[in-house]
Amino acid sequence: MALGRQLEYAQVAMFTANTLTLTQHILKRQHKHPDATGQLSGLLTQIGVAGKLIQANVRRAGLIEVWGSTGDTNVQGETVQKLDRIAQDIFVDIMKRSGCVAAMASEEEHEIIEVPADSSGDYVVCFDPLDGSSNIDANVSIGTIFAIYRRTKKGEVVRGDTLRPGHEQVVAGYIIYGSSTVLVYTDGSSVDCFTLDPGAGEYFLSRANLRMPDKIKQLSLNECNEPYWPKWVKPYVTSVKGRNDAEKRRVSSRHIGSLVADFHRNLIFGGIFLYPAEPSGKAKLRLLYEANPLAFIAEAAGGAATNGVQRIMDLQPEGLHDRTGLVIGPKAEVEACARFAKEHGN
Ligand code: AHG
Ligand code: MN
Ligand code: MN
């Protein structure tokens, strides 16, 4: 074997041996809180396990019968893909058996999902089991998004346990099934990214303390929705395009159509994502399962998230499936959008 190759392999082996695993990272954080019960650590570790099982199914899309829709429509009125259902079932089963969760709310279920008292725990999880599912059959990146809240009182679980403003989240994160599987999470203090080594079956820290770049290189929105945009969006988009000139292209358009993958790319390269609500108030993205967890991550990485008028994490949810406009990215850029919204209106 060529020496170069041998060195490459040795470097890979060193990488995995010298790098924190997800579980080690979680436990290290837990040790900073001497009175912690370990439940949150257990819960996060189990979310990692759910991610491994979901990715194993995603990776076989096209081989086993997981392409296409189930023929059902979900609570959102959208077509349920087979992988939506698989991801939902895996996530719920793992959470129920973790012993850390009292209730869940999912984009795919009408009502809250209660955990039987004998395996109930102190936390509530709101999640989108598979985000970007319209992209599945074209092998485009998709992901799972989750938000974790601590229960405020013991006893019977009620819907109110899940109808919490985003600023009450204790942890949020996502798992992307892309060129590799990555898990990103924050407890509010830092945003850390772990890559699944498929051979070892373990997540390893691959990007520590991610910060959202201040400058945007990418503008991410569905431009075909222009006829339904509120008044301020077009002048803002025009102003971003105006940053390019013959000499230098400073901003590019990038839109995947999987929010989680659009967000992750913007977090790594610098970009802003917009999916504004229509002037009538009609919106696409879900507050509990998409906007809140990503807003928590954005803020922890130095960014911001608004619906154009209000901070996303200050919105009080009224229903499990509330939808919201979402503008998420670097703080200064999100503030610029808010100024456009103030000046040009809805
Ligand atoms: P989901 O697959 O969970 O239903 O979410 C799809 C969302 C989001 O991921 C994406 O940004 C957006 O829908 C795309 O919507 P459009 O096709 O309307 O642009
Ligand atoms: Mn989604
Ligand atoms: Mn979904």
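Residues numbered from 1 in each chain as written. Chains lettered and ligands numbered in written order. Predicted model: local features only at pLDDT ≥ 70, side-chain atom pairs only at ≥ 80, totals over all residues. Heavy atoms only, no water.

1. Here's the deal with the sheet that holds strand β15 (residues 303-306)
Okay, step 1: As summarised here, the arrangement of the five strands in space is β12-β11-β13-β17-β15, forming an open sheet in which the pairing is mixed. Each end of this open sheet is capped by a strand with a single partner; those strands are β12 (252-253) and β15.
Okay, step 2: Across two bridges, the pairing between strand β11 (residues 218-220) and β12 is parallel. Paired with L219 across the two strands is S253, which belongs to β12. (Pairing = 2+ DSSP bridges. Helix = DSSP H or I, 4+ residues; strand = E, 2+ residues; numbered from the N terminus.)

2. Notes on the site of ligand 1
Okay, step 1: Lining the immediate environment of ligand 1, one finds 18 residues, of which D131, G132, N222, L259 and Y275 sit closest.
Okay, step 2: Here an oxygen atom of ligand 1 and a side-chain polar atom of E78 are 3.4 Å apart.
Okay, step 3: Here Y275 contributes a side-chain N or O atom positioned 2.5 Å from an oxygen atom of ligand 1.
Okay, step 4: Considered on its own, ligand 1 offers 470 Å² of accessible surface; in the complex 84% of this is hidden by protein.
Okay, step 5: When residues of the shell around ligand 1 are traced back to their parent elements, those giving at least two are β5 (123-131), β13 (271-275) and β14 (285-286).
Okay, step 6: A total of three residues in the shell around ligand 1 trace back to one element, the largest contributor, which is β5. (Near = heavy atom within 4 Å. Polar contact = N/O pair within 3.5 Å; in protein donor to acceptor, adjacent residues only side chain to side chain. Areas by Shrake-Rupley, 256 points an atom, 1.4 Å probe, with all protein chains shown as cover.)

3. Some points on the sheet that holds strand β9 (residues 191-197)
Hydrogen bonds between backbone atoms are what pair the strands of a sheet, whose relative direction is either parallel or antiparallel.
Okay, step 1: Across the sheet, eight strands lie side by side as β4-β3-β5-β6-β7-β8-β9-β10; this open sheet has mixed pairing. Edge positions in the open sheet fall to β4 (113-114) and β10 (202-207), since each of these has one partner strand only.
Okay, step 2: In the sheet, strand β3 (residues 101-106) pairs with β5 via five bridges, with the strands oriented parallel. Its bridge partner being in β5, V101 is matched across the sheet by Y123.
Okay, step 3: Contacts between helix α2 (residues 22-30) and the sheet are confined to β8 (181-186), β9 and β10, with β8 contributing the most and set at about 5° to the helix.
Okay, step 4: Helix α4 (residues 82-98) contacts β3, β4, β5 and β6 (142-150) of the sheet and is inclined by roughly 160° relative to β5. (Contact = heavy atoms within 4.5 Å. Axes fitted to C-alpha atoms, helices over the stretch in contact; angles between N-to-C directions.)

4. Description of the domain arrangement of the chain
Okay, step 1: Each assigned domain of the chain is listed with its residue range as follows: domain 1 (2-207) and domain 2 (218-344).
Okay, step 2: Contact with domain 1, which involves 46 residues of that partner, is made by 33 residues of domain 2.
Okay, step 3: Overall, the association of domain 1 and domain 2 removes approximately 2,900 Å² of surface from exposure, summing both partners, and the carbon and sulfur fraction of that is 62%.
Okay, step 4: Across the domain 1-domain 2 interface, the total number found is two salt bridges.
Okay, step 5: Taking the shortest distance from any N to any O, the salt bridge between R286 and E107 comes out at 3.4 Å.
Okay, step 6: The interface formed by domain 1 and domain 2 holds 18 residue pairs in polar contact (both at pLDDT 80 or more) in total.
Okay, step 7: If you list the elements that add at least two residues to the side of domain 1 that touches domain 2, you get β3, β5, β6, β7 (169-177), β8 and β9.
Okay, step 8: Looking at the side of domain 1 that touches domain 2, its residues break down into 22 nonpolar, 14 polar and ten charged. (Domains from an automatic or database assignment. Buried area = accessible area lost by both parts, 1.4 Å probe. Salt bridge = Lys/Arg side-chain N within 4 Å of Asp/Glu carboxyl O. Nonpolar A, V, L, I, M, F, W, Y, C, P; charged D, E, K, R; others polar.)

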